[in-house]
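Chain by chain, the residues run as shown.
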Amino acid sequence: MLSRIYRRNFCTCSPRPWLFVGLGNPGEKYKGTRHNVGFEMLDAFAESQGIQMETVHCKAMFGKGFVNGVPVLLAKPLTYMNLSGESTGPLAAYYKLPLNRVVVFHDDMDLPCGVLRLHPKGGHHSHNGLKSVIYHFRANREFPRLRIGIGRPPGQMDPKAFMLQKFNSTARERIDAALLEGIHALKQVLSKGFSESSKCFNTEQKYKHIRLQTLPT
């Protein structure tokens, strides 16, 4: 009864809550790998805002709180990457959220390591986590994403093996810096909305993209 009351009160807050979902694979084996930067971004944001991620809800590690008065739900699916939608879909439905209030954080090989982008919608581009989320959103692709660049595999290296590797020291430095930039961007999203925040942020990241794209990692 109390949980239902709390959910109803949280969902009817003004403004309406945001759901932030970080994609990754659970377990120590995958910690620190390129494919898990969505988890890292979620953890970094939660820690920066003092939000505890201690509850299991809808197959996800889950936390909720307020950031400057705005209600925020945070989730890391425990389903493994290719089944991420089994958690994300039910969470959005449980809290009765429109998809434009659900932001998914994920790794992206099409961006240089450490470059970020905020996008209001898009396809899955062969990312299995996004494929699953789109499927469980009934093929609706109009949900925002925070893309986190991990770069391309060197030479003829298998992309799957590359994604499951840990970052080297140079790449690690870039990712750590990107996480701080991502925290700031997400706070702007909460205070100013997605469209306004993404314009300024993506312009900044465009110049970072140009600067980093030719540098080795």
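Note that the coordinates shown come from a computational prediction; the quantities given were computed from them, not determined experimentally. Every chain is numbered independently, its residues counted from 1 as its sequence is written. Reporting of local features is limited, given that this is a predicted model, to residues whose pLDDT is at least 70; pairs of side-chain atoms are given and counted only at 80 or more, and all residues count toward the totals for whole chains, interfaces and linings. Working from all heavy atoms in the structure, the side-chain values ignore hydrogens and water.

Caption draft 1: Layout of the overall build of the chain. A run of H or I in DSSP becomes a helix once it reaches four residues, and a run of E becomes a strand once it reaches two; helices and strands are each numbered from the N terminus. The helix and strand tally for the chain stands at seven helices and seven strands. The helix and strand sequence of the chain, counted from the amino end, reads α-β-α-β-β-β-α-β-β-α-β-α-α-α. The size measure is the radius of gyration over C-alpha atoms, and the globule rule it meets is 2.2 Å times the number of residues to the 0.38 power. Relative to its length of 217 residues, the chain is compact, with a C-alpha radius of gyration of 17 Å against a globular reference of 17 Å. Across its three principal directions, the C-alpha atoms of the chain cover 55 × 35 × 30 Å.

Caption draft 2: Up close: the sheet that holds strand S1 (residues 18-22). Should DSSP find at least two bridges between two strands, the strands are regarded as paired. Overall, mixed pairing links the seven strands, which are arranged S2-S3-S4-S1-S5-S7-S6 in an open sheet. With partners counted over all chains shown, the strands left at the sheet margins are strand S2 (55-57) and strand S6 (116-119), one partner each. Taken pair by pair, the neighbouring strands of this sheet meet at an average axis angle of 30°, ignoring direction. In this sheet, strand S4 (residues 70-77) lies alongside S1 in parallel orientation, the contact comprising four bridges. When the sheet's bridge partners are listed, Val21 is paired in S4 with Ala75. Residue contacts follow a heavy-atom distance rule, with two residues in contact if any of their heavy atoms lie within 4.5 Å. Here, axes are lines fitted to C-alpha atoms. For helices the fit covers the stretch in contact, and angles between N-to-C directions go from 0 to 180 degrees. Relative to the sheet, helix H6 (residues 169-192) contacts S1, strand S3 (60-67), S4, strand S5 (102-108), S6 and strand S7 (145-149), its axis offset from that of S6 by approximately 25°. Running over the sheet, helix H7 (residues 194-212) touches S1, S6 and S7 and is turned about 150° from S6.

Caption draft 3: Representation of the layout of surface pockets. Of the volumes computed, that of the largest pocket is approximately 620 Å³. A cavity, in this analysis, means grid points on a 1 Å lattice covering only the protein atoms where a 1.4 Å probe fits yet has no way out; a pocket is instead an open set bounded by protein on both sides within 12 Å along at least five of seven lines, and a residue lines either one if it has an atom within 4 Å of a point. The wall of the largest pocket is formed by 27 residues, among which His125, Ser126, His127, Asn128 and Met163 lie closest to the centre. At the level of elements, S5, helix H4 (128-136), S7 and helix H5 (159-163) are the ones that each hand at least two residues to the lining of the largest pocket. Only Asp, Glu, Lys and Arg are considered charged, only Ala, Val, Leu, Ile, Met, Phe, Trp, Tyr, Cys and Pro nonpolar, and every remaining residue, Gly among them, polar. Of the residues contributing to the lining of the largest pocket, the split by class is seven nonpolar, 12 polar and eight charged. Grid points are joined across faces, edges and corners, and a volume is the space filled by probe spheres set on the points. Volume-wise, the second largest pocket comes out at about 250 Å³. Ranked by the residues each element gives to the lining of the second largest pocket, the list is headed by helix H2 (residues 37-49), at three residues. Here the residues of the lining of the second largest pocket are counted per class, giving two nonpolar, four polar and five charged.

Caption draft 4: Structural context of the packing of aromatic side chains. Think of it this way: a Phe, Tyr or Trp ring, Trp meaning its six-membered ring, pairs with another when their centres are within 6.5 Å, and the plane angle makes it stacked under 30 degrees, edge-to-face over 60, tilted otherwise. Inspection of every chain in the model, using the stated rule, returns seven aromatic pairs. Considering the side-chain rings of Phe137 and Phe143, the 5.3 Å spacing of their centres and the 75° angle between planes classify their relative orientation as edge-to-face. The class of Phe137 is buried, set by a relative accessible area of 8%. The ring of Phe39 has Lys76 lying over it, and the distance from NZ or CZ to the ring centre is 5.2 Å. Two thresholds decide whether a charge sits over a ring: the Lys NZ or Arg CZ must be within 6 Å of the ring centre and within 35 degrees of the ring normal. Of note, Arg145 hangs over the ring of Phe143, and the distance from its end group to the ring centre comes to 4.1 Å. Exposure classes here rest on a 1.4 Å probe applied to the protein chains alone. A residue is buried below 20% of its type maximum, exposed above 50%, and partly exposed in between.

Just distances and angles here, no functional claims.
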